[in-house]
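Take a look at the letters that make up each chain.
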Amino acid sequence: MAGGRWGPLLTALLVARVAAAAAAAEGGPEQAALPEERSWVRPMTASNWTLVMEGEWMLKFYAPWCPSCQQTDSEWETFAKNGEILQISVGKVDVTQEPGLSGRFFVTTLPAFFHAKDGIFRRYRGPGVYEDLQNYILEKKWQSVEPLTGWKSPASLTMSGMAGLFSISGKIWHLHNYFTVTLGIPAWCSYVFFVMATLIFGLFLGLVLVVISECFYLPFPKHLSEHTEQTRKSEEAHKAEQPQDAEEEKDDSNEEENKDSLVDDEEEKEDLADEDEVEEDEEEDGSVALAEEERNDAQDQGPLREAQEEGEAEPKEDLPEPPGAAHTEVAEDTLRQRKSQHAAKGPQV
């Protein structure tokens, strides 16, 4: 009974299988399913990227939506097939799936190619053509390229932090797509959500930092705090006294300048008084000398006047002029000259 119940079902399955095999045979080899060709390019992820630190590698960063990346796929696959001959490993990184690696290598353009030799990385800026790639390895053109050393190296701590930031940004982008595409939420609602999340995360991080600082903060002992307070007060008092001292010094300097100016004025007055006294003495001496000279002149003129009076009293005769007359005229001229000189000296004194 069991055999009668399962018999028709088994017969139907056998007939269907035979029909499918017959159809495949009639369609020929073109319609038969071909096995998928094995790819020689090794996909690199955040978990296995450290393999490039050993040996010689060539890496390609691409995106499925990038047309330039798609144009170099066949050339890159050919280059990977000959990797065993060139003694090099070939890998690729999908930046849409591995944003952390794109941040670690700081990829800003696509496609991007990198050469790695024993942990030393260099950027390949040539075309993604098989012949150029092959010559780059065989002729060791990578030796003339400046390596990425220091903080630029993908293995450095700085680039590890950059990889973390890119990973976070990639997760945020996937979450945004989940909100807007899968759940159908408007884009502005997604933006508001991320803004609020950023603010809340910042406040939480600040609170954590405050708690950590309070845990590791060691208060000063009481006597040290009192000493610090006294020092602070003394410094404030000293700062307050400095302007007063400066004003006092300024006032003292002004007083000294005033005293010096007064002393100079008094000395000038004394000098002027001494000069006046000298001038008065000189005038007195000049007047005394003038009086004496006039007195002497008067005494000299006495005999001459008497002689003149006697000459006038005698009758005039037609006699030659005596020689004393010429002497008298010379004497009178001399007296006049002296008087004029004295008169000229008097105003000058």
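Residues numbered from 1 in each chain as written. Predicted model: local features only at pLDDT ≥ 70, side-chain atom pairs only at ≥ 80, totals over all residues. Heavy atoms only, no water.

Caption draft 1: Spotlight on the packing of aromatic side chains. Enumeration according to the criterion identifies 13 aromatic pairs in this entry. Seen from their ring centres, Trp49 and Phe105 are 6.3 Å apart, and the 85 degrees between their planes marks the pair as edge-to-face. Of this pair, Trp49 sits in the loop between strand S1 (42-43) and strand S2 (56-62) while Phe105 is found in the loop between helix H5 (99-104) and strand S4 (112-117), placing the two residues 56 residues apart along the sequence. With respect to burial, Trp49 and Phe105 carry one shared label: buried. Taken together, a centroid distance of 5.4 Å and an interplanar angle of 90 degrees make the contact between Phe179 and Phe193 edge-to-face. Note that Phe179 is positioned in helix H7 (residues 157-182) and Phe193 in helix H8 (residues 187-216), a separation of 14 residues in sequence. By relative accessible area, Phe179 is classed as buried at 15%. Taken together, the ring pairs connect Trp49, Phe61, Phe105, Phe114 and Phe121 into an aromatic cluster. (Phe/Tyr/Trp six-rings, centres within 6.5 Å; stacked < 30°, edge-to-face > 60°. Helix = DSSP H or I, 4+ residues; strand = E, 2+ residues; numbered from the N terminus. Buried < 20%, exposed > 50% of the residue type's maximum accessible area, 1.4 Å probe, protein only.)

Caption draft 2: Quick peek at the UniProt feature "transmembrane region" (unreviewed entry) in the protein. Mapped onto this numbering, the UniProt entry gives "transmembrane region" (unreviewed entry) at residues 191-212. End C-alpha atoms of residues 191-212 are separated by 32 Å, and the span's content is 100% helix alongside 0% strand. (UniProt positions renumbered as here; feature names shortened; annotations may be inferred.)

Caption draft 3: A look at H7. The first and last C-alpha atoms of H7 sit 37 Å apart over 26 residues, in line with the 38 Å expected at 1.5 Å per residue. Contacts made by the buried residues of H7 are with H5 and H8. Of the residues one or two after H7, Gly184 is the one with positive phi, at around 75 degrees. (Expected span 1.5 Å × (residues − 1). Contact = heavy atoms within 4.5 Å.)

Caption draft 4: Up close: the packing of H7 against H8. With their axes 9 Å apart at the nearest point, H7 and H8 run at an angle of 140 degrees to one another. Classified by the angle their axes make, H7 and H8 are oblique. Relative to H8, the crossing made by H7 is right-handed. Of the residues in H8, those in contact with Ile172, Leu175, His176, Phe179 and Thr180 of H7 are Ala187, Ser190, Tyr191, Phe193 and Phe194. (Axes fitted to C-alpha atoms, helices over the stretch in contact; angles between N-to-C directions. Parallel < 35°, antiparallel > 145°, perpendicular 65-115°, else oblique. Left-handed = near helix turned anticlockwise from the far one by under 90°.)

Caption draft 5: Representation of the sheet that holds S2 in the model. Spatial ordering of the open sheet is given by S1-S3-S2-S4-S5, a layout of five strands whose pairing is mixed. Every interior strand has two partners, whereas the edge strands, S1 and strand S5 (120-124), have only one. Summarising the sheet, S2 and S4 pair through six bridges and their orientation is antiparallel. Considered in S4, the bridge of Glu56 is made with Lys117. (Pairing = 2+ DSSP bridges.)

Caption draft 6: Representation of the nonpolar core. Grouped together as the largest cluster of nonpolar side chains are 19 residues, with contacts concentrated most on Val52, Leu59, Phe61, Phe105 and Phe114. Counting residues per element, the ones that place at least two in this core are S2 and S4. Apart from the residues within four sequence positions on either side, Phe105 is in contact with Trp49, Leu59, Phe61, Phe114, Phe121 and Pro154. Within the second largest apolar cluster, 15 residues are counted, among which are Ala80, Ile88, Tyr136 and Trp142. (Core = buried A, V, L, I, M, F, W, Y, C linked by side-chain atoms within 4.5 Å.)

Caption draft 7: Structural view of the pattern of salt bridges. Using the criterion set out here, one finds three salt bridges in the structure. As a salt-bridge pair, Glu139 and Lys141 come within 3.6 Å of each other at their nearest N and O atoms. (Salt bridge = Lys/Arg side-chain N within 4 Å of Asp/Glu carboxyl O.)

Caption draft 8: Molecular detail of the pairing of strand S3 (residues 89-94). Where S1 lies against S3, two bridges are found, and the strand directions are parallel. By the bridge assignment, Arg42 is partnered in S3 with Gly91. Looking at chain direction, S2 and S3 are connected through six bridges and run parallel. Opposite Met58, over in S3, you have Val90 as the bridge partner.

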